[in-house]
Structures are given as structure tokens and as C-alpha cells.
Amino acid sequence: MHPHAAAALTAAVLLQVVVIARGVYPPPQPPPPPPPPPLAAEESPELRPQRFVVPLHRQSVPVRSDSGALSYKSVYFGSITIGSPRPQEFSVVFDTGSGHAIVPSSDCHEETCRTHRRFDRRLSANAVDIDHDGTRVQPGSPRDQITVAFGTGEVTGQFVRDWLCLGNASGRQVVTADSSGKPPPGCVDLRVVTATNMTHEPFYSFSFDGVLGLGLDSLALAPEFSFFGMLAAQQPLKEASFGVFLGEGDDEVSEISFGGHDPSKVIGGADLAWAPVVMADHGHWQVRIRRLKIGDRIVDYCEDGGCRAVVDTGTSLLAVPAGFADDLQTSLEDSLQDPDESAPRKDGHVDCRLAQGASLHFELDSGYTITLEPGDYARPSTFLEDDEEEAQNEVSSVSGISDGQAAAPPFTGAGTQEEAEGEDELIMDTCHPTVMPIELPEPLGPKLFIWGEPVLRKYYTVYHWGDKAVGFGLAFHSSLDGAPAGSAHDSAGDRSSSDGVESGGRRPLLL
């Protein structure tokens, strides 16, 4: 029967039934409304472009050198989870200067690992033991390892493939696949380094459990280790970029935003100034410095076009090429003036946000200028007199961590510095430029600067994965309460490995 004839017959039968029933039963009710049409593919919740925001917390601990100098070292970290269906939560440093996700393994039984949360791959249904190339490792078979060396320690680990999600476990009690069988929004299928050995320094003193590298693909062993690269490939993001905001103090929430940036964190919501990434094949978010000025004076050091800067969220200092560090330190010190004695103090120290002196200007190839005022680059430097040794030691609130420095017992911030130092007596403090010399060989060095917390706190920075560019905008801070306690971060050396696993000679810049 022709389809139209069948439809007409069906309609006639239905009409006949209704007519026969009329007068015997109450009038029929109107038919229910048709169900809503299914969402178009682009409207499906898991396919809508999204942006994910992770709050960051700051921790500072004192670090004492062999000479007795004390520095306060601070880090910013946020929460992630790994595993499914029950996620295991970890706190990590979101580090643009490295390329891998690293968390302690449950197979690490040393004291350093036991002070942190450890990943148990046996509790995750999706976890797969792999070699660095993604090959599944059979039970009892030899496994690849990687060793990442830091200035005062190192991490050795193995490889696991699993789901890594942004945010803490309280917001995601169960991790299950979306309608297409893929990880849910905010999650990626990623190769992760699980640490089987972590040296006591520097990891024991900090609360964070691990590191989430946000360097470019080439900084990782393979693209499948790159968190943001995999996030952009597996999830629909509003923008193929992430933005970093560091608050002025503990009362202002710091954050990292994946899938675009937050214009409200930029003064006036102004457009960002973009600088192209140079030497992207080395994996770092580095930009070219066209000119360097101290005050109104042009410094010859960068006039040959050889200066570059790595924008590094794993660094809390302004790192300067060793061949130029002394000259810059001297120039800044000569012009630096402490605030008037009548000026209010901060946490018992001189408030160096009010210091006066020469500005430091970095002019980029794009024409945009990064400017640091004394309040951005200066920190209190305190001299203590030890009652027993009758010696004077310099104590800075921020200082480079080099070999030979060991962390003092964790300091939560309660009480005063004098209380934390026991019998040491405070006799004087003054503002001091926080310049840390670094020496790197070619091709990254020798004229490489590293922009850490002093730049990242003053400027909201955005890292565009697709365009390979870094955006800068003056950060909007809610208040000036709580002067930033800048301090040194771990200095990372070359990445090496056992079993022949290497990362192409890239250097993680975690300072």
C-alpha cells in the first residue's frame, strides 16, 4: 500500500473511533504536547564551550642557608583530582615552566611522600600502568622511569594514564564518562608521573602535593603528558588559553582560569597587550625583550636583541642573567629609599610597597612595556643578632634558593618573625631589591630573564595555546591590604631519567 494511502486509512479509522465514542464517553482530552526536540550537538551540555576557574592558595615557609640567612619561600597552589569513579584529590602548583603532571605514588613510602596525599592507582578503574610512550605495562614487567632534578632535590617516578580533573573532590564526588564515553567537563585523559621517590628538600616543607606543568607541548616527553594541550583537544573551551591572577595578599583570592581569562581581573577591563612566544620549540612561554631601561636610562645589555624573558608561574622572584645581575642590583639599590619612619609597618616590617626609587622597564617587541616599581621588586631585608654567636645575619622575606639552603621548620604565619627565630634579636630592617642571578647555557641563555611573582602579581597574564602568545594587562586588585610576601621557589635543573627516558634536554624553570 502506498504510504499516503496508509496514512489516510489510519486517520479515517481514528476519526471513526472518535465519532462512535462521542456521546458515550466524555469528550477526549487534547493530546499531550510533543516532547521537546533533542538538543543539537552544539547545544549538548558536555559540548558547550566552557571556562574552568581554580582558586589558588598561598603558603610561605622560612628557608635558612648555611650562612644563616633566612628567606621566606612562597608558592601558589590549587586542587585537582585523579582517578575514577572515586576521585583522589591533590594540591598542585600550576607551573608554566614545566611540562608534566607529578603527584606522589602510594608506592612511595618515604617520609616526604607520607606527609602528602599519594595516588593509589589500584583505586581507579581507569588507571593504566604505561611506559613513557603510552605502551601498556604488563604486571611484573620492567617499567620506564623519569627523574626530574630540582635545585635542592629531585623526584623519580613512573607513568600512569588516567583521568585528571580540575577542582577539588567536594565538587565532584564521582567521576564518570559523559554521553560519548569521554571524560566529563573539566577532565582530561592524561599521562601522569607518579613519584616513587621525593627528596626531603624542598618537598617536605610545603603543603602542596605535586606539580601540574603548563609549559608548551615540547617541554613534555610527549604531547599526551601536556595537560592544557590535552584539555584543548578533548574539551570544548571558550578560548584555547588560560589566565593567571595573583592576589595582593591572603585576603584576595588568587586564581587560574582555563578556557579563557576573566576581564574583570584587568584594570578597566582593558584589552590585553599580546607578545608572541619566541623559540616555542623549547617549550617555554618566553617573549623577546627589545629594550631595558632603569628609570629614564637605556641599558646597553639588551640593545643587541639577545634578551628574552620566560613568564613562569613556578617562580616567585625576578631572575636575572648572572652576567648582568650585579650591575642591576647596584643600580636599583643606589636609588632605593625606604618609606618614611612614620609610615605604617606591615607585619612588623618596613612596608616596601611604599619604597621610592628607580623604575625598571622591559620593552617588548610588540611595543608594550612591562614596568616594575620599587614596590614591586623590593622586599624587607632584616638583620638579626644571634645572642649566642653574637653574629649578624641577614634575613630577607624573599631570596633565591640555591644549593645548600635548607628549609626551617614550617612557619604558618602566626606570631612574629622574631618569635619564629627564637633568640634572634631584630635590630634593623630595610628595603632591598629582590634580584636572583641565574646562569643558563645556550640556546635558552645567556641573556634570559625569568618573570616570576613580581611581574605576575602586577600583571594579569594570559597564555594563548593556539596563537602561541602571552597577554599582559595591569591586574585589578581589590585592595592593598596584605603586601605580597614574595619568596623563592625551587630552582630546577636539567631533567634526566633512567631507562633511557628523556625530555629532549628541556629545562623546567621552577625557581
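Structure's up top.
Scope of this entry: the structure provided in the associated data block. (Residues numbered from 1 in each chain as written. Predicted model: local features only at pLDDT ≥ 70, side-chain atom pairs only at ≥ 80, totals over all residues. Heavy atoms only, no water.)

**Examining the overall build of the protein**
For the protein, the count of helices and strands is eight helices and 27 strands. Per-residue burial over the protein gives 54% buried out of 511 residues. Within the protein, residue pairs in contact and separated by at least 24 positions form 73% of the contacts whose partners lie at least 6 positions apart. Element-wise, carbon and sulfur atoms account for 52% of the exposed surface of the protein, whose accessible area totals about 22800 Å². (Helix = DSSP H or I, 4+ residues; strand = E, 2+ residues; numbered from the N terminus. Buried < 20%, exposed > 50% of the residue type's maximum accessible area, 1.4 Å probe, protein only. Contact = heavy atoms within 4.5 Å. Areas by Shrake-Rupley, 256 points an atom, 1.4 Å probe, with all protein chains shown as cover.)

**Notes on the state of the cysteines**
Summed over all chains, the structure comprises four disulfides. Bridging C108 to C113, the disulfide has an S-S length of 2.0 Å. On the sign convention where negative means left-handed, the S-S torsion of about 80 degrees between C108 and C113 marks this disulfide as right-handed. With respect to burial, C108 and C113 carry one shared label: buried. Here C165 connects covalently by a disulfide to C187, the sulfurs 2.0 Å from one another. (Disulfide = S-S within 2.5 Å.)

**Quick look at empty space enclosed by the protein**
Evaluated as defined, the whole model comprises six cavities of 30 Å³ or more. Each pocket or cavity is described by its volume, and for the largest cavity that value is around 80 Å³. Along the walls of the largest cavity sit L56, Y76, F94, V244, L246, I256, T313 and L456, which together make up its complete lining. Tallied by class, the residues present in the lining of the largest cavity amount to seven nonpolar, one polar and no charged. (1 Å grid on protein atoms, 1.4 Å probe; cavity = no way out; pocket = protein on both sides within 12 Å on 5 of 7 lines; lining within 4 Å. Points joined across faces, edges and corners; volume = space filled by probe spheres on them. Nonpolar A, V, L, I, M, F, W, Y, C, P; charged D, E, K, R; others polar.)

**Focus on the packing of aromatic side chains**
Applying the stated criterion across every chain, the model contains 22 aromatic pairs. Ring centres of F227 and F258 lie 5.6 Å apart, and the angle between their planes is 80 degrees; on these two criteria the pair is classed as edge-to-face. You can see F227 sitting in helix α4 (residues 227-234) and its partner F258 sitting in strand β11 (residues 254-258), a full 31 residues away along the chain. In this structure F258 comes out as buried when scored by relative accessible area, which is 0%. Relative to Y459, the ring of Y368 has its centre 6.3 Å away and its plane inclined at 80 degrees; by these criteria the two rings are edge-to-face. (Phe/Tyr/Trp six-rings, centres within 6.5 Å; stacked < 30°, edge-to-face > 60°.)

**Looking at the nonpolar core**
Core analysis: the biggest nonpolar cluster contains 74 residues, and F94, L164, F227, F258, F362, F449 and W451 have the highest contact counts within it. Discounting residues that sit within four places of it in the chain, L164 has contacts with I80, T81, I82, A101, G186, C187, V188, L190, V192, L212 and F227. In terms of nonpolar packing, the next biggest core, distinct from the first, is built from 17 residues, I102, C113, V128 and A222 among them. (Core = buried A, V, L, I, M, F, W, Y, C linked by side-chain atoms within 4.5 Å.)

**Considering α4**
Residues F227, F228, G229, M230 and L231 constitute the buried set of α4. Here the buried face of α4 lies against β7 (153-166), β8 (187-198), β9 (210-213), β10 (241-245) and β11.

**A word on the environment of G134**
By secondary structure assignment, the location of G134 is in the loop between β5 (128-130) and β6 (146-150). Judged by its relative accessible area of 29%, G134 falls in the partly exposed class. G134 sits 90 residues away from E224 along the chain, and the two C-alpha atoms are 8.4 Å apart.

**Quick word on helix α5 (residues 322-335)**
Here α5 contains 14 residues, and its C-alpha end-to-end distance of 21 Å stays within 8% of the 20 Å for a straight helix at 1.5 Å per residue. Those residues of α5 that fall on the buried side of the exposure criterion are F324, A325, L328, Q329 and L332. Mapping the buried residues of α5 onto a view down its axis gives an arc of 140 degrees, with all of them on the same face. Facing away from the buried side of α5 by over 90 degrees, the exposed positions are G323, D326 and D334. (Expected span 1.5 Å × (residues − 1). Arc of directions from axis to C-beta.)

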